[in-house]
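Notes for the structure review
One-letter residues, chain by chain:
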Amino acid sequence: ADLSSADANELLATGISLYKRKRWAPAIVVIERALAKDPMVGVQDKAYLYLGLAYREQRQWDRARLALEMFVDRAGVRDVNAYREAERTLQLLGVASVDCESLEPVELYW
């Protein structure tokens, strides 16, 4: 599919569909493109959740952790199970609600 003209919500829907078909790498590319096109999909939808889960499947632990923390901290999604899944995955990744010591800003490339 030609995604160059798709809006952020279409891109995100495509990315989630790819994720659900276990096509992790293309899902990451498409979800990142959705976030780059409109960062609000990270706030209003589950973009960071699926991005984090796809990174986990690719064994990119740091990126998975960062995306899932973004989801938990910023998303205004009314889906308790989504938050539970994100928090459970974060615990598996080894951040059992550890307060961050550093106040340095983190560079994000989405």
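Look up a bit, the structure's there.
Here's what I pulled together on the structure shown here. Keep in mind it's a predicted model, so treat the numbers as computed, not measured.

Calculation notes
Just so you know, the residues in each chain are numbered from 1, in the order the chain's sequence is written. Predicted model: local features are reported for residues with pLDDT of at least 70 only, side-chain atom pairs are reported and counted for 80 or more only, and whole-chain, interface and lining totals are derived from all residues. Side-chain metrics rest on all non-hydrogen atoms present in the structure, leaving aside hydrogens and water. Numbering of helices and strands starts at the N terminus; helices are DSSP runs of H or I of at least 4 residues and strands are runs of E of at least 2. Expected span of a helix: the number of residues minus one, times 1.5 Å. Only protein chains enter the calculation, and the probe is 1.4 Å; a residue is then buried if its accessible area is under 20% of its type maximum, exposed if over 50%, and partly exposed in between. Every residue pair with non-hydrogen atoms within 4.5 Å of one another is taken to be in contact. It is the directions from the helix axis to the C-beta atoms that the arc portrays. Think of a polar contact as two N or O atoms within 3.5 Å of one another; within protein, one of them needs to be a possible hydrogen donor and the other a possible acceptor, and neighboring residues in sequence only count if both atoms come from side chains.

Along its 14 residues, helix α2 (residues 24–37) runs 20 Å from first to last C-alpha, staying within 8% of the 20 Å computed at 1.5 Å per residue. Every buried residue belonging to α2 is among Trp24, Ala27, Ile28, Val30, Ile31, Glu32, Ala34 and Leu35, and all of these are buried. Residues of α2 that are buried make contact with α1 (8–20), α3 (41–44), α4 (47–57) and α5 (61–74).

Compared with the 18 Å implied by 1.5 Å per residue over 13 residues, the 18 Å span of α1 between its first and last C-alpha is a close match. Three or more residues of α1 are buried, namely Ala8, Leu11, Leu12, Gly15, Ile16, Leu18 and Tyr19. The buried residues of α1 occupy one face: seen down the axis, they fall within an arc of 160 degrees. At its buried positions, α1 is contacted by α2, α3 and α4. With a side-chain oxygen positioned 3.0 Å from the backbone nitrogen of Asn9, the residue opening α1 is Asp7.

Interpretation in functional terms is not warranted from these geometric data alone.
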